[in-house]
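A look at the structure
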Amino acid sequence: MQRFVDDVLAVSKESVKTITYESLNNIVRFVNGVSALLLTFLPGNATILEGMNGWELRPTFSGPRLPRWMEHGVSSFNQFVHNLSVDSDASSSSDYSSGEEDINENLCPSPLSQSSRFSRASSFSRRERHAMGWMNSIFSLILVPVKLLLAILARLFFFPFYRKARTSPSERQKPSSSTSLKRVQTLKDHVFRRTTDRRRGVIEDLHLAMEIFIEAIFDMVHKAAHCLLSPAEVGKKLYGWIFSHNMVNHNNHVVLESSVTTATLGENDPALSESETSFHHSLNTDARTCQDVITELGYPYEAINVITTDGYILLLERIPRRDARKAVYLQHGILDSSMGWVSNGVVGSPAFAAYDQGFDVFLGNFRGLVSREHVNKSISSREYWQYSINEHGTQDIPAMINKIHEVKTSELKLSQPDGEEETNEDHPYKLCAICHSLGGAAMLMYLITNRVQEKPHRLSRLILLSPAGFHGDSNLAFTLVEHLLLVLGPILAPFVPAFYIPTRFFRLLLYKLARDFINYPAVGGLVQTLMSYVVGGDSSNWVGVLGIPHYNMNDMPGVSFRVALHLAQMKRSGKFKMYDYGGASANKEAYGSSEPLDLGEHYGLIDIPVDLVAGRKDKVIRPSMVRKHYSKMKESGVDVSYSEFEYAHLDFTFSHREEVLAYVLSRLLLVLPGQKHQLSQKAMKLKRKGQVSSS
């Protein structure tokens, strides 16, 4: 009878699973089909959907040659990856097109990729244990009276046996310990044999949740039937469960808190060094940080906390070459972070390319994260988000560049002699800056305001990729947003301090939906098309960018209301100006005049070479607006160059193509390593004036 009941329950369970799965799959197929139908009627989707793909960190090379930017400067690790990937491609070319799993299996493993796979694959078992633990807790709460009664009876009638069992605790603990270690090792071996280095989407989570729920329900029904049909055996199992509950919890704790030994490449020593990595990721979300990406690819890493004068805590990340006399500082744009400069892996990332060319690489991060890092731990959301682009250019960038100067002069052991006037030309190192979008506008603001205040800016060259600042030529959507912000700004400002996702649940939902957009191409294509319409037809990989790990449930970049309002002011005025505080008195207090400083009119103060790069497909900051920067700089006598590429707005940091990267590196290499230069003519004149006045 028991066997018959087990067979019936097994068949019923599989039938329910099949019906549930097929129902959900039919709904998803219907939505995907409707999306595909809508795509056929939407104009311009052929160009918008080109190159749409998800974010996957793949440190391999797709051809038998090195990229152009690596032909004359490549690290030993990258050479190793290249040679290994070429051999792998030659030996397994017939299997390379068999699907995503086969592609992942042919990838060259980076030093931390195995630990990464273990973290993501083990999240399935942790989630299942979490759900089953929740069900067991409810079931245990219901059976508390029964459990208490059985415990009393066991103490009375089986006390001698209980004493006997307690006489040899070492024998009891030894099997459990070995069993737990065996379970951990088995799990590691199982995970390392499989390639599961990707996160789940919402649909996959629904499949998993339904499976867990169906398994839990049928398991309860099976146990109830077993209780009715085999009461004696159930009594034995209840007894064992009562007295072994604590030991089971201990074993589960060991599995959850396990760690594996990982290897990373040392900074100066190419030999592998050991480090312990614990895995606490849950919900199968890719929570890798910029540090994880850099170290997984075998590069050295350093994190530096920088505190601005107004108390914001910024993260300045570094791929260090401590003895290098040339450094590069990379600054991201709006709704981005330092992850954008390393998200393309070894081949397509500016940060790794610059490092391989001998640069000391610094990655800046603006204020504006949901975590609200500030020296005042109790700062309110409204107070934290009270900043505009002014603060990016006059607080964030100065703090980070000053920290870079402090670090480099300390490491090179060549500080400025006391009493000697510091200029932009006599540093022991050369610092170049690469900035994208809003980062370019903030960098120009930093450079000009420092020149106005006669402070050293410490830069040797500036490379601006589609810089913000001029926004007169834009699409209808941006025009509507401009009018909305300028008209309703005074009303919305007290209630909407910033634009961000405030709760972990909705950040997690967005993060997982990004995976579904890739898994179901028609749905992702529809979202990609609609998002591109909002920004005027820009063909950037908007869906793929959502998959970058800095958009996660724990933290995410946001945009303050004042930054958005500042951009609207620039668009309305047609000028590259600092923030307008809304009144002559407020502006006079901030700038010393009733009008904000017009940065475009002060381009003549720029005393270093500037390279401007525009994208012909860029509809966010159109080439005409970048050319406006160029024309004003050219009229002011700035040493400026201008180039255009077939890029959309996000392609400058997210595209795997080589054109812009090769161009950027060619401009960086024009800067010679730092050495002692003679003082500039202006500095000499100032010194002479000081000597005359003192005499």
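Right above here is the structure, for reference.
An account of the accompanying structure is given in this report. Keep in mind the model is a prediction, meaning the values are calculated, not measured.

Procedures and definitions
Each chain has its residues counted from 1, following the order in which its sequence is written. Whole-chain, interface and lining totals are the exception, using all residues; otherwise, since this is a predicted model, local features are given only for residues with pLDDT of at least 70 and side-chain atom pairs are given and counted only at 80 or more. Hydrogen atoms and water are omitted, and side-chain values are computed over all heavy atoms in the structure. Fitting axes to the seven residues ending at a residue and to the seven starting there, one defines the bend at that residue as the angle between these axes. Note on conventions: DSSP H or I runs of at least 4 residues are helices, E runs of at least 2 residues are strands, and numbering of each starts at the N terminus. Burial classes follow relative accessibility: with a 1.4 Å probe on protein chains only, a residue under 20% of its type's maximum area counts as buried, one over 50% as exposed, and anything between as partly exposed. By definition, residues are in contact when any of their heavy atoms lie within 4.5 Å. Polar contact is the term for a pair of N or O atoms within 3.5 Å; when the atoms are in protein, one must be able to donate a hydrogen and the other to accept it, and sequence-neighboring residues count only if both atoms are side-chain atoms. One less than the residue count of a helix, multiplied by 1.5 Å, gives the span that helix is expected to have. Within the patch definition used here, like charges are joined within 9 Å and nonpolar side chains (Val, Leu, Ile, Met, Phe, Trp, Tyr) within 5 Å, considering only residues with over 30% relative accessible area and no salt bridge. Method for areas: the Shrake-Rupley scheme with a 1.4 Å probe, in which residue coverage is limited to the protein chains shown. Salt bridges, as used here, are contacts in which a Lys or Arg side-chain nitrogen is within 4 Å of a carboxyl oxygen on Asp or Glu. The method works on a 1 Å grid over the protein atoms by themselves. A cavity is a set of points holding a 1.4 Å probe that cannot get out, a pocket is an open set with protein on both sides within 12 Å along at least five of seven lines, and residues with an atom within 4 Å of a point line them. Grid points are joined across faces, edges and corners, and a volume is the space filled by probe spheres set on the points. We define a nonpolar core as any set of buried Ala, Val, Leu, Ile, Met, Phe, Trp, Tyr and Cys residues linked to one another through side-chain atoms lying within 4.5 Å. Two strands qualify as a pair provided DSSP detects at least 2 bridges between them. The convention used is that axes are lines fitted to C-alpha atoms, helices contributing only their stretch in contact, and that angles between N-to-C directions extend from 0 to 180 degrees. Pairing of aromatic side chains requires ring centres within 6.5 Å, counting the rings of Phe and Tyr and the six-membered ring of Trp. Pairs whose planes differ by under 30 degrees are stacked, by over 60 edge-to-face, and all others tilted. Sitting over a ring, as applied to charges here, requires NZ of Lys or CZ of Arg to be within 6 Å of the ring centre and within 35 degrees of the ring normal.

A closer look at helix α18 (residues 476-492)
At L486, α18 shows its maximal bend, which comes to roughly 40 degrees, and the proline P490 appears one to four places after that position. By the burial criterion, the buried members of α18 are E482, L485 and G489. Taken together, the buried residues of α18 touch β9 (498-499) and α22 (561-573). Of the residues flanking the start of α18, the one acting as N-cap is N475, its side-chain oxygen 2.9 Å from the backbone nitrogen of A477.

Re helix α19 (residues 504-519)
Helix length check: α19, at 16 residues, gives a terminal C-alpha distance of 23 Å against a target of 22 Å (1.5 Å per residue), a fit within 8%. Burial in α19 covers these residues: R507, L508, Y511, K512, A514, R515, D516 and F517. Next to the buried residues of α19 lie α9 (202-229), α20 (521-534) and α21 (542-545).

Details of a nonpolar patch on the surface
Where nonpolar side chains cluster on the molecular surface, the patch consists of M1, F4, V8, L228 and L229 and spans about 570 Å² of accessible area. Broken down by secondary-structure element, the contributors of at least two residues to the nonpolar patch are α1 (2-41) and α9. Summarising the element assignment, F4 is placed in helix α1.

Looking at the layout of surface pockets
What the largest pocket holds in volume is close to 1400 Å³. As for the largest pocket, its lining consists of 42 residues, and the residues nearest its centre are I334, L335, F478, V535 and V559. Counting residues per element, the lining of the largest pocket draws most heavily on α18, which supplies five residues.

Focus on unusual backbone geometry
At L335, a position not held by glycine, the phi torsion is positive, near 55 degrees. Relative to the helices and strands, L335 resides in the loop between β5 (326-331) and α13 (345-348).

Quick word on the nonpolar core
In this structure, Y329, V361, M443, L462, I606 and L668 are the most contacted members of the largest nonpolar core, which totals 105 residues. Ranked by the residues each element gives to this core, the list is headed by helix α17 (residues 438-452), at nine residues. For Y329, the residues in contact, after removing those within four places along its chain, are L316, F362, G364, I397, M400, I401, I404, L431, C432, A433, I434 and M443. Judged by nonpolar contacts, the second largest core, of six residues, contains L485, F561, A564 and A568.

Looking at the sheet that holds strand β3 (residues 302-307)
Reading across the sheet, the eight strands line up as β3-β4-β6-β5-β7-β8-β11-β12 and stay open at both edges, with mixed pairing between neighbours. The sheet is open, and its two edges are formed by β3 and β12 (640-645), each paired on a single side. In this sheet, adjacent strand axes meet at a mean angle of 20 degrees when their direction is disregarded. When strand β11 (residues 610-615) meets β12, the two strands line up parallel, connected through six bridges. Residue pairing across strands places V613 opposite S643, the latter belonging to β12. This element, α17, spans β5, β7 (430-436) and β8 (461-465) of the sheet and lies at about 135 degrees to β7.

Digging into the pattern of salt bridges
Oppositely charged side chains may form a pair once their charged atoms are brought near each other. On inspection of all chains with the given rule, the structure shows 24 salt bridges. In this structure, R367 and D396 form a salt bridge, with 2.8 Å as the shortest nitrogen-oxygen distance. Taken as a pair, R367 in the loop between β6 (360-364) and α15 (381-384) and D396 in helix α16 (residues 389-412) lie far apart in primary sequence, 29 residues in all. What makes R367 buried here is its relative accessible area of 5%.

A few points about the side chain of H332
Relative to the helices and strands, H332 is located in the loop between β5 and α13. Classification of H332 by relative accessible area gives buried; the value is 4%. Within polar-contact distance, the side chain of H332 engages the backbone oxygen of D336 at 3.3 Å. Not counting the four nearest positions on each side in its chain, H332 is found in contact with S337, S338, W341, G364, N365, F366, H436 and G439.

Thoughts on the environment of D607
Of note, D607 is situated in the loop between α23 (584-591) and β11. For D607, a relative accessible area of 39% puts it in the partly exposed group. In this structure, the C-alpha to C-alpha distance between D607 and R451, residues 156 residues apart in sequence, is 9.0 Å. Of the polar contacts made by the side chain of D607, one reaches the side chain of H457; its length is 2.8 Å.

Comments concerning the pairing of strand β4 (residues 313-319)
Along a regular strand, successive side chains alternate from one face of the sheet to the other. Burial analysis of β4 places five of its seven residues in the buried class, the great majority of the element. With six bridges connecting them, β3 and β4 associate as antiparallel partners. Bridge pairing in β4 links I307 to I313. Hairpin remark: β3 followed by β4, antiparallel, with five residues in the connecting loop; positive phi at G311, about 95 degrees. Bridging between β4 and β6 involves three bridges; their strand directions are antiparallel. Opposite R318, over in β6, you have F362 as the bridge partner.

Considering the packing of aromatic side chains
Summed over all chains, the structure comprises 16 aromatic pairs. With a centroid separation of 5.7 Å and an interplanar angle of 40 degrees, the aromatic rings of Y630 and Y642 are classed as tilted. Within this pair, whereas Y630 is found in helix α24 (residues 623-635), its partner Y642 is found in strand β12, the two being separated by 12 residues in sequence. The partly exposed category is assigned to Y630, whose relative accessible area is 25%. For Y642, a relative accessible area of 22% translates into the label partly exposed. Over the ring of Y312 we find R367; its NZ or CZ atom is 3.8 Å from the centre of that ring. The ring of Y387 is capped by R367, whose NZ or CZ atom sits 5.5 Å from the centre of that ring.

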